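Take a look at the letters that make up each chain.
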Amino acid sequence: MLAALAAEVGDFVRPPIDWHAAAPELTLLAFGVLLTLMDIVWLERGRKWAPALASIGLLATMVPIITLAVDGADRSMFGGAFVVDKYALIMKAVFILAGYIVVLISSNYISEGDYWENEYYGLLLSSILGMILMASARDLITIFIALELLSIPAYMLATWRKRDLKSNEAGLKYYLMGVFASAILLYGMSLLYGASGTTLLVDLNESISASDSPSAIVVMGIIFVIVGFAFKVSAVPFHTWAPDTYEGAPTPVTAFLSVASKAAGFVALMNMLFVGFIGRDDVYEPMIFALAAVSMTVGNLIALRQTNIVRMLAYSGVAQAGYMLAPLAVASDVPDSALAATVSYLVIYAVMNLGAFAVVIAVARKTRSAEIDDYRGLFHYAPGLTVAMTIFLFALAGIPPLGGWWAKFRIMGAVIEANTVSGVVLGVFVAVNSVIALYYYARIGAKMWADEAPDGDLTPVRVPASLKSALVLTVAATIVFGVLPGLVGDVTKVSLLAGVGG
Amino acid sequence: MSDYLRSYLTVGIFGLVGVALVGVFLGLGRILRPDHPNLAKNEAYESGVEPTGDMWSQANIRYYVFALLFVMFDVEAVFIFPWAARLEAYEVFGLIEMAIFIFILLLGLIYAWRKGVLKWV
Amino acid sequence: MELTTTWYLVLSASMFSIGATGLLVRRNPLVMFMCVELMLNAVNISFVAFGSDLNDVGGQIAVFFVLVVAAVEVVVGLALVVAITRRRADATADDLSVLRG
């Protein structure tokens with residue numbers, strides 16, 4: 001069979017490789033290998049260097065991303081399966097920086113517990129490698145490989161506290177839901193491949209949008225692919241794993257899942273929608289509309305009655321996924337502003353959510369719990385953390401002048417600009433839900449500022465340096481994005497359609 | 001109907017007859033035999049030795065690790081075959097690519113070795 | 001009657017639905033892994049069938065990747081199950097209910 005295949009393919013032509021375009025991935029891969037080598041050579045003696053090496057690796061990966069951004073040219077490789085454009089670079093930078101902050105908030109948590117350390121950072125880097133590959137992937141197979149590269153290490157990270165039954169359950173649930181989703185996604189991809197005869201997204205779009213009405217196979221394929229990614233971004237009704245996994249997983253991993261992994265799901269979804277399906281808006285737009293509206297509403301309503309802050313953030317994350325999906329439901333009417341809105345929301349959401357989790361980790365160092373009642377009177381013994389948490393919560397609620405306000409404004413702008421019935425309806429949904437969300441964010445704020453500390457225990461929370469720097473970074477970014485929204489606005493003025501080259 | 005499918009038809013009919021025969025004889029036996037269950041009769045027969053313990057016994061967990069490692073490295077070989085079939089065509093470029101691929105796989109194996117996974121406990 | 005691509009697609013669709021149903025209904029993690037394998041192999045059949053129908057190698061190449069990823073996924077899943085059974089014997093997905101949800 002192989003000989004027959006070879007005859008069919010003809011002579012092997014070495015694909016031209018643009019080393020500069022692949023440099024971020026290769027750098028990160030090299031540091032992952034280095035981390036493993038260090039583990040092989042030094043075993044446990046290398047533990048204390050692991051977080052440092054991981055941070056250096058992430059920062060080193062930023063260098064080629066910046067040089068590519070300065071260079072500014074759109075690059076594409078492997079027949080268009082791997083594309084480096086402005087959008088890809090922004091998302092890569094978001095993943096790398098989110099990963100860096102996760103390393104900062106992990107280092108004390110992981111080294112103080114009895115956990116494997118070298119492997120933790122090795123898996124973290126592999127997962128981030130999958131994410132930055134996803135930002136450039138414009139081919140069904142490449143997207144699938146990137147998705148698995150980012151998910152499989154995440155399954156293991158969620159189970160990292162392996163002596164804790166909760167963490168075991170978190171990991172197994174996440175794993176089962178994840179593989180179920182990727183099987184559905186793959187089946188959809190196989191149908192799309194069958195309908196179009198190509199795995200390249202650009203050609204796929206051309207092929208499936210050629211006819212007036214879609215064939216049954218195309219409809220099924222698109223639905224399956226979107227369902228697969230809906231699991232990843234935890235949109236209702238595919239969100240059931242999120243609260244349990246978030247609660248059971250180690251908190252730094254939860255932060256990573258809720259920010260980086262969710263963003264990667266959105267990047268994949270945007271690649272598919274804007275490059276692969278854009279001509280078949282009659283199929284995907286109603287579906288995205290329903291997912292967005294239901295996610296916002298259900299996420300917010302369930303978040304109202306949570307007593308654990310991590311579960312509350314999980315459901316608030318489900319609602320935020322709904323907001324981010326909203327512009328995608330009008331993707332074909334106003335492609336550029338819809339894409340820019342979702343990308344800006346992802347950037348700002350990453351900062352404020354990571355910050356909120358950093359505070360949760362810091363507070364748990366003293367209280368050993370994530371119950372909302374244990375945040376009573378936080379102001380009396382940890383005023384700095386209280387201010388930071390208030391900033392993050394108000395940013396998540398979308399109160400000006402913090403970052404979240406601008407993000408929500410962009411979403412509203414995009415859905416209204418579309419000027420369609422579904423766009424306006426989604427706008428109303430976003431507005432109503434923002435009001436609901438305000439209640440549960442403000443409730444925590446009130447507990448922290450107004451109540452007395454339980455048992456009158458006023459010993460201060462000791463925040464280690466790395467956690468402190470993560471907090472400073474995220475607070476600063478949240479405020480800057482809110483006060484100078486033009487910053488994010490200029491950077492996220494991207495277009496996926498323009499960056500598509502053969 | 002094509003010849004190809006007709007040959008399957010024979011297999012199908014044969015299978016059906018087989019299933020029907022077994023069903024008929026089991027049914028006949030059920031109607032004819034006396035039915036007086038008691039504890040000793042329902043016990044599993046273990047060469048005259050009294051059976052002990054649960055019938056679900058677990059295989060030792062250490063076998064898993066070898067099996068897991070085997071499955072992974074076994075399947076990765078699927079990428080090596082196409083390369084080997086067209087070795088000359090890919091020239092030095094292919095050789096270097098494959099060397100990198102195998103190096104990363106090997107790293108995993110050495111890692112497992114260093115961590116003592118390959119030791120028979 | 002000819003064995004056309006449609007038959008392979010019907011086979012693949014039924015395998016996929018059996019796997020999906022099994023994954024949702026069964027509670028033993030090992031059986032659930034087998035169901036996942038069934039779903040992924042249904043995808044493989046579908047890729048190969050489309051590939052041979054379109055006379056395109058892309059479908060077969062996709063199978064290579066699906067195959068390897070399926071193996072890696074199952075290895076990770078089994079490792080998780082081993083980690084759990086070390087804590088408590090014969091766990092099923094239902095026994096794991098410390099968390100609400």
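The written sequence of each chain sets the order in which its residues are numbered from 1. Note on labels: chains are lettered from A, ligands numbered from 1, in written order. Residue-level local features of this predicted model are given only where pLDDT is at least 70; pairs of side-chain atoms are given and counted only at 80 or more, and the full residue set underlies all totals for whole chains, interfaces and linings.

Q: Looking at this model, I keep getting lost on the overall build of chain A. Mind explaining?
A: Strands here mean DSSP runs of E at least two residues long; helices mean DSSP runs of H or I at least four residues long; both are numbered from the N terminus. Helix and strand counts for chain A come out as 20 helices and two strands. The size measure is the radius of gyration over C-alpha atoms, and the globule rule it meets is 2.2 Å times the number of residues to the 0.38 power. For chain A, whose C-alpha radius of gyration is 22 Å, the value lies close to the compact-globule estimate of 23 Å for 502 residues. Seen through its principal axes, chain A has C-alpha atoms that stretch 75 × 60 × 45 Å. Within the span of chain A, comprising 502 residues, buried residues form 60% of the whole. Once C-beta atoms have been placed from the backbone, residue pairs whose C-beta atoms lie within 7 Å are recorded as contacts. Sequence-distant contacts, at least 24 apart, represent 80% of the contacts inside chain A between residues at least 6 apart. The burial criterion counts other C-beta atoms lying within 10 Å of a residue's C-beta, which is placed from the backbone; the residue is buried at 20 or more, exposed at 12 or fewer, and partly exposed between these limits.

Q: Would you explain the overall build of chain B in this entry?
A: Scanning chain B from terminus to terminus reveals five helices and zero strands. Its helices and strands in sequence order give chain B the pattern α-α-α-α-α, from N to C terminus. Per-residue burial for chain B yields a buried fraction of 0% across its 121 residues.

Q: Explanation requested: the interface of chain B and chain C in the structure shown.
A: Buried accessible area, meaning the area lost when the parts come together, often serves as the stated size of an interface. Counting residues at the interface gives twelve residues for chain B and twelve residues for chain C. The leading source of residues in the side of chain B that touches chain C is helix H3 (residues 62–76) of chain B, at six residues. Side-chain classes follow a simple rule in which Ala, Val, Leu, Ile, Met, Phe, Trp, Tyr, Cys and Pro form the nonpolar group, Asp, Glu, Lys and Arg form the charged group, and the remainder, Gly included, forms the polar group. Taken together, the residues of the side of chain B that touches chain C sort by class into ten nonpolar, one polar and one charged.

Q: It is not clear to me how the interface of chain C and chain A should be interpreted in this structure. Could you clarify?
A: Listed by partner, the interface residues are 33 residues for chain C and 35 residues for chain A. In terms of residue count, helix H3 (residues 58–87) of chain C provides more of the side of chain C that touches chain A than any other element does, 14 residues in total. For the side of chain C that touches chain A, the per-class residue count stands at 25 nonpolar, five polar and three charged.

Q: Is there a simple way to explain the packing of helix H13 (residues 309–328) of chain A against helix H17 (residues 403–418) of chain A in this structure?
A: Relative orientation and spacing of two packed helices are given, respectively, by the angle between their axes and the distance between those axes. All names here are of chain A. Viewed as axis vectors pointing N to C, H13 and H17 meet at an angle of 30°, and their least axial separation amounts to 8 Å. Relative to H17, H13 is oriented roughly parallel. Seen along the crossing, H13 lies across H17 with a hand that is left-handed. Side by side, H13 and H17 meet where Tyr323, Ala326 and Pro327 of the first sit next to Lys408, Ile411, Ala414 and Val415 of the second. Residue composition of the contact of H13 with H17, grouped by class: six nonpolar, no polar and one charged. Only the contacting stretch of a helix is used when fitting its axis, a line to C-alpha atoms as for every element, and angles between N-to-C directions run 0 to 180 degrees. An angle below 35 degrees is read as roughly parallel, one above 145 as roughly antiparallel, one from 65 to 115 as roughly perpendicular, and any other as oblique. The hand of a helix crossing depends on one turn: near helix anticlockwise from the far one by less than a right angle means left-handed, and clockwise means right-handed.

Q: How should I be thinking about unusual backbone geometry in this particular structure?
A: Peptide bonds are mostly trans, and most non-glycine residues show a negative phi. Omega for the bond connecting Val236 of chain A with Pro237 of chain A falls within 30 degrees of zero, at 5°, which places this linkage in the cis form. Positive phi, close to 60°, is recorded for Asn419 of chain A, a residue that is not glycine. Of note, Asn419 of chain A is situated in the loop between H17 and helix H18 (421–450). When the 11 C-beta atoms within 10 Å are taken as the criterion, Asn419 of chain A is described as exposed. Even without a glycine there, the phi angle at Asn55 of chain C is positive, about 55°. For Asn55 of chain C, the position within the fold is in the loop between helix H2 (29–54) and H3.

Q: What is the right way to read helix H8 (residues 201–208) of chain A from this model?
A: For an α-helix, the turn length of 3.6 residues means that residues three or four places apart are oriented alike. Residue and element names in this part refer to chain A. Among the residues making up H8, those that are buried are Leu201, Val202, Leu204, Asn205 and Ile208. When H8 is viewed along its axis, its buried side chains cluster within an angular range of 160° and face the same direction. Buried positions along H8 lie against helix H7 (165–196), helix H9 (216–232) and helix H11 (251–276). Working definition: the arc comes from the directions between the helix axis and the C-beta atoms, pointing outward to the latter.

Q: Just checking my understanding: could you explain the packing of helix H2 (residues 19–42) of chain A against helix H5 (residues 87–114) of chain B for this structure?
A: Where H2 of chain A meets H5 of chain B, the axes come as close as 10 Å, and the angle between the chain directions of the two elements is 30°. Classified by the interaxial angle, the pair formed by H2 of chain A and H5 of chain B is roughly parallel. The two elements H2 of chain A and H5 of chain B cross, and the hand of that crossing is left-handed. The residues of H5 of chain B that touch H2 of chain A, namely those facing Val33, Thr36, Asp39 and Ile40 of chain A, are Ile104, Leu107, Ile110, Tyr111 and Arg114 of chain B. Each residue belonging to the contact of H2 of chain A with H5 of chain B can be placed in one class, and the counts come to six nonpolar, one polar and two charged.

Q: Got a minute to help me understand the domain arrangement of chain B in this structure?
A: Reported domain spans reflect what an automatic or database domain assignment gives. As assigned here, chain B comprises domain 1 (3–42) and domain 2 (62–114). Spacing between the C-alpha centres of domain 1 of chain B and domain 2 of chain B amounts to 48 Å.

Q: Teacher, can you tell me more about the nonpolar core here?
A: Grouped burial of nonpolar side chains is what soluble globular proteins tend to show. What makes a nonpolar core is a set of buried Ala, Val, Leu, Ile, Met, Phe, Trp, Tyr and Cys residues, with links drawn between C-beta atoms within 7 Å. By size, the foremost hydrophobic cluster in this structure holds 228 residues, and its most contacted members are Val94, Ile105 and Met134 of chain A. Looking at this core element by element, the count peaks at 22 residues for helix H14 (residues 335–367) of chain A.

Q: Can you help me understand H7 of chain A in this one?
A: All names here are of chain A. With 32 residues, H7 ought to run about 46 Å at 1.5 Å a step, and its terminal C-alpha atoms sit 46 Å apart, in line with that. Taken across its 32 residues, H7 has 30 buried, putting it largely inside the fold. One or two steps after H7, the chain reaches Gly197, where phi turns positive at roughly 75°. Expected helix span is given by 1.5 Å per residue-to-residue step, counting one fewer step than there are residues.

Q: Honestly, the confidence of the model for chain A in this entry has me stumped. Any pointers?
A: In low-pLDDT segments, the atomic positions of the prediction should not be examined closely. Per-residue confidence for chain A averages 88 on the pLDDT scale, and 95% of its residues sit at or above 70. Each residue carries a pLDDT score, the predictor's own confidence in it, on a scale running from 0 to 100. Note on residues 498–502 of chain A: pLDDT is under 50 here. Beyond four places in sequence and across chains, it has twelve contacts.

Q: In this structure, what is going on with the confidence of the model for chain B? I would like to understand it.
A: All names here are of chain B. Confidence in the prediction for chain B averages 81 pLDDT; 83% of positions are at 70 or higher. When pLDDT is averaged over each helix and strand of chain B, the minimum, 72, is found for helix H2 (residues 39–42) and the maximum, 89, for H5. Interface confidence for the predicted complex, expressed as ipTM, amounts to 0.89; the pTM equals 0.86.

Q: Explain the environment of Gly57 of chain A here, please?
A: Residues and elements named next belong to chain A. Mapped onto the elements of the fold, Gly57 is located in helix H3 (residues 50–71). Along the chain, Gly57 and Pro252 lie 195 residues apart, while their C-alpha atoms are 19 Å from each other. When residues no more than four places from it in sequence are discounted, the contact partners of Gly57 are Leu28, Phe31 and Leu125.

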